[in-house]
Amino acid sequence: MTFDSLEFRRALGQFVTGVTVVTTISEGKPAGFTANAFTSVSLDPPLALVCIGKKNTSLKAIQTSGFFAVNVMAKHQQDVAVCFASTTPEKYTQFCDAEYSAQLTGAPVINGCIAWFDCKLHSLIDSGDHFIVIGEVAAFGTNPGAPLVFAQGKYTALQN
């Protein structure tokens, strides 16, 4: 039996995940990418992880800045998530028209997200075609709303 990576990806897509946009500062400008591989690691110290492809341009920005924020997208933010998942120039020049504020580390926190985690880079773990980026959570917050989720290749929302 040969291993079919496309079928493997489809099987993984059966698992419903939350949608996040991971943000940082790159050369003085906000930068980000959409990720669904995000989870908590530890409560003491407070650690969270996100996975990033080795070819993702934000990887170097996170390494250089030493910080990042994980923004948990609300159901009304699908357009923002789609933009940050793309390679559109708008992602790099206009930050996908997302309004944001800086918190403790200076990483952009996207307005209207239902939760955010402002992290200092703790460690990077080389793993296959990705890096596991572990951050120590320096600050966090929540907002009311229903989460945007992803399953079977489609965005959807949970009702709250």
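Here the structure is shown first, and the text comes after it.
Notes on the structure follow. (Residues numbered from 1 in each chain as written. Predicted model: local features only at pLDDT ≥ 70, side-chain atom pairs only at ≥ 80, totals over all residues. Heavy atoms only, no water.)

1. Here we look at the side chain of Asn71
Here is step 1: Within the fold, Asn71 resides in strand E6 (residues 67-72).
Here is step 2: Looking at Asn71, its side chain comes within polar contact range of the main-chain nitrogen of Ile110, at 2.8 Å.
Here is step 3: In this structure, Asn71 is in contact with Val19, Thr20, Val21, Thr23, Pro108, Val109, Ile110, Cys113, Ala115 and Trp116, ignoring residues within four places of it in sequence. (Helix = DSSP H or I, 4+ residues; strand = E, 2+ residues; numbered from the N terminus. Polar contact = N/O pair within 3.5 Å; in protein donor to acceptor, adjacent residues only side chain to side chain. Contact = heavy atoms within 4.5 Å.)

2. Description of helix H1 (residues 5-12)
Here is step 1: When you tally the buried positions in H1, you get 0 out of 8 residues, a small fraction of the element.
Here is step 2: Measuring from the side-chain oxygen of the N-cap residue of H1 to the backbone nitrogen of Leu6 gives 3.0 Å; that N-cap residue is Asp4. (Buried < 20%, exposed > 50% of the residue type's maximum accessible area, 1.4 Å probe, protein only.)

3. Remarks on the state of the cysteines
Here is step 1: Inspection of every chain in the model, using the stated rule, returns 1 disulfide.
Here is step 2: What pairs with Cys83 in a disulfide is Cys96, and their sulfur atoms sit 2.1 Å apart. As the torsion about the S-S bond is roughly -80 degrees, the Cys83-Cys96 disulfide counts as left-handed. Residue Cys83 is located in helix H3 (residues 78-85), and its partner Cys96 is located in the loop between helix H4 (89-93) and strand E7 (100-102); the two are separated by 13 residues in the primary sequence.
Here is step 3: For Cys96, a relative accessible area of 6% puts it in the buried group.
Here is step 4: Looking at Cys113, it has no disulfide partner, and the nearest cysteine sulfur is the one in Cys119, 12 Å off. (Disulfide = S-S within 2.5 Å.)

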